[in-house]
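# Breakdown of the fold
Here's the letter readout for the chains.
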Amino acid sequence: MTVKWILHWTPTPGSVVNSQILSEISQCVESFVNAVKDGRWKATLTFYRPNLRDQSIPSEFPRDFLGISLLEQPNKYYFIIRGNKIILEADSTILTIMEKLQSYKSKVALNFEGVQYKMGDFQMKVVKVVPNQGESLRGILIEIEYLPISSIEKAKPIMEEFLEVWREVMSKKSLPGHFTQTEPHFADYKLPDNYTSQHTAIQYAAALAQLIQSAQLRG
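Predicted model, so just to flag it, every value in this text is computed and none were measured. (Residues numbered from 1 in each chain as written. Predicted model: local features only at pLDDT ≥ 70, side-chain atom pairs only at ≥ 80, totals over all residues. Heavy atoms only, no water.)

## Details of the confidence of the model for the protein
A residue-level look at the protein finds 93% of positions with pLDDT of 70 or above and a mean pLDDT of 89. Of all helices and strands in the protein, the one with the weakest mean pLDDT is helix α4 (residues 197–218) (83), whereas strand β8 (residues 139–146) scores best (96). (pLDDT = per-residue confidence, 0-100. Helix = DSSP H or I, 4+ residues; strand = E, 2+ residues; numbered from the N terminus.)

Next up, the structure:
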């Protein structure tokens, strides 16, 4: 049983995301409510495009979709077609099949790498977004997890209260930016109130879309 919220770091105008800010955020978590470091964590998000010889030919297949692997579900792989609001959960062996078929090719792959902290009924992850083939920091995320229940609606007021306290702690650092939560619109994907790993995959996809948008606005 668990419910997770994922927030992305939005820099103030004129500032950039860097390792110093990531370090300061990590220090905030480590000093927050008896946090205990509980290992490392990783997820990988891949952008796929159809492998068409002639791009001008209309296709019945999606023009692009996202694939996500999560460390806590090593035998599963999640596909998200954001334009059609579809999420699919597949066995991880689907990647071998896709490699053989060559129907879709990977365009970009990003790693979500982080440190997990336990604090009573909560867990937090400080997550950096980096390219699959590189170390340049593309974004920072925070994952907040409430362990005792799995109902999204029942967990909401508890999560909101926790987030308010967390933001007070962060405000003392006076960092050039703030964490923003993107509404994932689970109902659009026909997901139930009971939280699952599909909800997590959708939140990471939504957070990444916001990181890309904010980077484009700054650029």
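## Quick word on the nonpolar core
Ranked by size, the top nonpolar core spans 57 residues in total, and within it Ile-25, Phe-112 and Trp-166 carry the most contacts. In this structure, Tyr-48, Phe-65, Phe-79 and Ile-81 belong to the second largest nonpolar core, which totals eight residues. (Core = buried A, V, L, I, M, F, W, Y, C linked by side-chain atoms within 4.5 Å. Buried < 20%, exposed > 50% of the residue type's maximum accessible area, 1.4 Å probe, protein only.)

## A few points about the packing of aromatic side chains
As enumerated under the stated definition, the model contains 12 aromatic pairs in all. Within the aromatic cluster, the residues linked to one another by ring pairs are Phe-32, Phe-122, Tyr-146, Phe-162 and Trp-166. (Phe/Tyr/Trp six-rings, centres within 6.5 Å; stacked < 30°, edge-to-face > 60°.)

## Examining the pairing of strand β2 (residues 36–50)
Judged from the 13 bridges that link them, β2 and strand β6 (residues 104–119) form a sheet pairing that is antiparallel. Paired with Ala-43 across the two strands is Phe-112, which belongs to β6. (Pairing = 2+ DSSP bridges.)

## Brief notes about the side chain of Ser-151
Within the fold, Ser-151 resides in the loop between β8 and α3 (152–171). A polar atom in the side chain of Ser-151 sits 3.3 Å from the backbone nitrogen of Lys-154. Leaving out residues up to four positions away in the same chain, Ser-151 has contacts with Val-3 and Asp-193. (Polar contact = N/O pair within 3.5 Å; in protein donor to acceptor, adjacent residues only side chain to side chain. Contact = heavy atoms within 4.5 Å.)

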